[in-house]
Amino acid sequence: MKTQKLAAHEVEAAAAMLRRGGLLGIPTETVYGLGANGLDPQAVAAIFQAKGRPQDNPLILHIPSADWLERFCQDIPPAAWTLAERFWPGPLTMILTRKPLVPDVVTAGLDTVGMRCPAHPLCRAVIAAAGVPVAAPSGNTSGRPSPTNAADMLEDMEGKIDGILDGGPCSVGVESTIVDLTVQPPRLLRPGGVTLEELRDALGEVAVDPAVQRLMGAGEQPRAPGMKYRHYAPKAPVTVVKGDPARCAAYIAAHLGPEDGVVCFDEFAGDYPGHTVEALGPAADKAAQARNVFDALRAFDATPVPAIWAQCPDEAGLGLAVANRLNKAAGFHIIDLEGEP
Ligand code: TXA
Ligand code: MG
């Protein structure tokens, strides 16, 4: 199949592609998505094929406004309206009890569904023009880092999807925060653009799923099925070094092999002459780190580096999301220099 590249003004053509059951690369403020009509089981099944995604990993439904929630969800708790009011449109996905209308293939058979109202103006325009909820996972091949611009998505999906709408680079850069509102207290399943602190400010107590911060054991099931897979991983193995940035930079310089690559804060980018270095952004700018993290990981796949070392921010604010993506890319292979003499 030939993948049609659509420019920002071609919203109607993009919406038509969705309506007739096609697969559309769609920009959002978080990452690019691989969208299809969420009410068309055949179109949704094609998403799984194009990504090579395991069948047991459910998809998020994207809607243009909170008043679509009641079409697809039931027993909606007051917390959902509180969060919608504060954070929608924006990088937040809520897990809610679904209505039978939502196809099984979307939810992988679960009785819950992830609902998100994205902020990207083009994305909203396409969904509204299509008039259907859009099922969309991140637009990468399963297991690879998520795409944060149209070129990255085409690298994975050229020839496998009908079209892609170019909405420029994503402003957030990591996927949406996922919060499960079907349990008490609400539970953070994936950290993202809306921070844990912001959720707690809105809701009070919010639990954190263990899959956010560590590798799941053999018998354990994370509540977001996608969190159990190795993810975001470049081809070379990644080691995360956490703690004071200057100490971590020195540790990496002392331990890296002659051909190894480095992901580091901008301040340390000059510390590794002769190595492939991807700068993550300034140490104090977690929003920049979120925008850059997937691109940095992806860049190494075009190089022969045998191993990658990565600096990592602390977990306050957006740091939790950036650290989670780096830790997952590393399979939670982490060297913790915090508290060491
Ligand atoms: O920012 C985002 O959320 C992007 C853009 C395109 O909107 N989408 C995205 O989708 O990241 P995906 O499929 O790559 O990640 C969705 C995650 C997976 O880990 C999946 O297991 C989880 O959400 N998920 C989806 N539905 C769920 C449900 N009903 N219960 C628990 N977890 C769910
Ligand atoms: Mg994904």
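Conventions adopted
- Residues numbered from 1 in each chain as written.
- Chains lettered and ligands numbered in written order.
- Predicted model: local features only at pLDDT ≥ 70, side-chain atom pairs only at ≥ 80, totals over all residues.
- Heavy atoms only, no water.
- UniProt positions renumbered as here; feature names shortened; annotations may be inferred.
- Helix = DSSP H or I, 4+ residues; strand = E, 2+ residues; numbered from the N terminus.
- Buried < 20%, exposed > 50% of the residue type's maximum accessible area, 1.4 Å probe, protein only.
- 1 Å grid on protein atoms, 1.4 Å probe; cavity = no way out; pocket = protein on both sides within 12 Å on 5 of 7 lines; lining within 4 Å.
- Points joined across faces, edges and corners; volume = space filled by probe spheres on them.
- Nonpolar A, V, L, I, M, F, W, Y, C, P; charged D, E, K, R; others polar.
- Domains from an automatic or database assignment.
- Contact = heavy atoms within 4.5 Å.
- Core = buried A, V, L, I, M, F, W, Y, C linked by side-chain atoms within 4.5 Å.
- Buried area = accessible area lost by both parts, 1.4 Å probe.
- Salt bridge = Lys/Arg side-chain N within 4 Å of Asp/Glu carboxyl O.

Going by what an unreviewed UniProt entry lists, the protein is known as Threonylcarbamoyl-AMP synthase and is assigned to Candidatus Intestinimonas pullistercoris. For the protein, the Subcellular location (unreviewed entry) comment in UniProt is given as "Cytoplasm". Among the UniProt annotations of the protein, the heading Catalytic activity (unreviewed entry) holds the following wording: "L-threonine + hydrogencarbonate + ATP = L-threonylcarbamoyladenylate + diphosphate + H2O".

Trainee: Explanation requested: unusual backbone geometry in the structure shown.
Mentor: Negative phi characterises most residues that are not glycine, and trans characterises most peptide bonds. Here the bond from Trp88 into Pro89 is cis, since omega is -10°, no more than 30 degrees from zero. Cis geometry is found at the peptide bond from Gln184 to Pro185, where omega equals -5°. As for its position among the elements, Pro185 is in the loop between strand E10 (177-180) and strand E11 (187-190). Despite not being glycine, Asp75 shows a phi value in the positive range, around 50°. Assignment of secondary structure puts Asp75 in the loop between strand E5 (73-74) and helix H4 (78-87). Residue classification places Asp75 among the exposed positions, given a relative accessible area of 65%. You will see that Phe332, though not glycine, has its phi angle at about 60°, which is positive. Following the sequence through the fold, Phe332 ends up in the loop between helix H11 (319-329) and strand E17 (334-336). In this structure Phe332 comes out as buried when scored by relative accessible area, which is 18%.

Trainee: I would appreciate a short explanation of empty space enclosed by the protein in the present structure.
Mentor: Sizing a probe to match a water molecule and rolling it over the atoms shows the empty space that remains. In this structure the tally under the stated criterion is one cavity of 30 Å³ or more. What the largest cavity holds in volume is close to 40 Å³. Along the lines of polarity and charge, the residues of the lining of the largest cavity split into seven nonpolar, four polar and no charged. Mapping the lining of the largest cavity onto the domain boundaries places at least three of its residues in each of domain 1 (4-212) and domain 2 (238-336).

Trainee: Just checking my understanding: could you explain the layout of surface pockets for this structure?
Mentor: When its volume is computed, the largest pocket comes out at roughly 740 Å³. Lining the largest pocket are 44 residues, with Arg53, Asn57, Pro58, Ile178 and Arg190 sitting closest to its centre. The biggest single contributor to the lining of the largest pocket is strand E7 (residues 112-116), with four residues.

Trainee: How should H11 be read in this particular structure?
Mentor: Helical geometry note: an α-helix holds 3.6 residues per turn, so side chains three or four residues apart project in the same direction. Here H11 lies mainly inside the structure; 11 of its 11 residues are buried. Residues of H11 that are buried include every one of Gly319, Leu320, Ala321, Val322, Ala323, Asn324, Arg325, Leu326, Asn327, Lys328 and Ala329, and no others. Those residues of H11 that are buried lie in contact with E11, helix H8 (196-203), strand E13 (238-242), helix H10 (286-299), strand E16 (308-312) and E17.

Trainee: Hey, could you run me through the nonpolar core in this one?
Mentor: Leu83, Trp88, Leu92, Met94, Met115 and Leu199 are the most contacted members of the largest nonpolar core, which totals 56 residues. Dropping the residues within four chain positions of it, Met115 is found in contact with Ile60, Leu61, Ile63, Leu69, Phe72, Cys73, Trp88, Leu92, Thr93, Met94 and Leu96.

Trainee: Just to check I follow, could you spell out the domain arrangement of the protein for this structure?
Mentor: Interfaces are often described in size by the accessible area the parts lose on coming together. When cut into domains, the protein gives domain 1 (4-212) and domain 2 (238-336). Domain 1 and domain 2 are separated by 28 Å when their C-alpha centres are compared. Across the contact, 27 residues belong to domain 1 and 17 residues belong to domain 2. Here domain 1 packs against domain 2, burying approximately 1,600 Å² in sum over the two surfaces, 52% of which is carbon and sulfur. Sorting the residues of domain 1 by area buried against domain 2 places Pro145, Val174 and Pro191 first, and these three jointly supply 29% of that buried surface. On the surface where domain 1 and domain 2 come into contact, there are four salt bridges. A salt bridge links Asp156 to Arg298; its shortest N-O distance comes to 3.0 Å. At the level of secondary structure, the elements contributing two or more residues to the side of domain 1 that touches domain 2 comprise helix H7 (150-157), E11 and H8. Looking at the side of domain 1 that touches domain 2, the element that brings in the most residues is H7, giving three residues. Residues belonging to the side of domain 1 that touches domain 2 are distributed by class as follows: 11 nonpolar, nine polar and seven charged.

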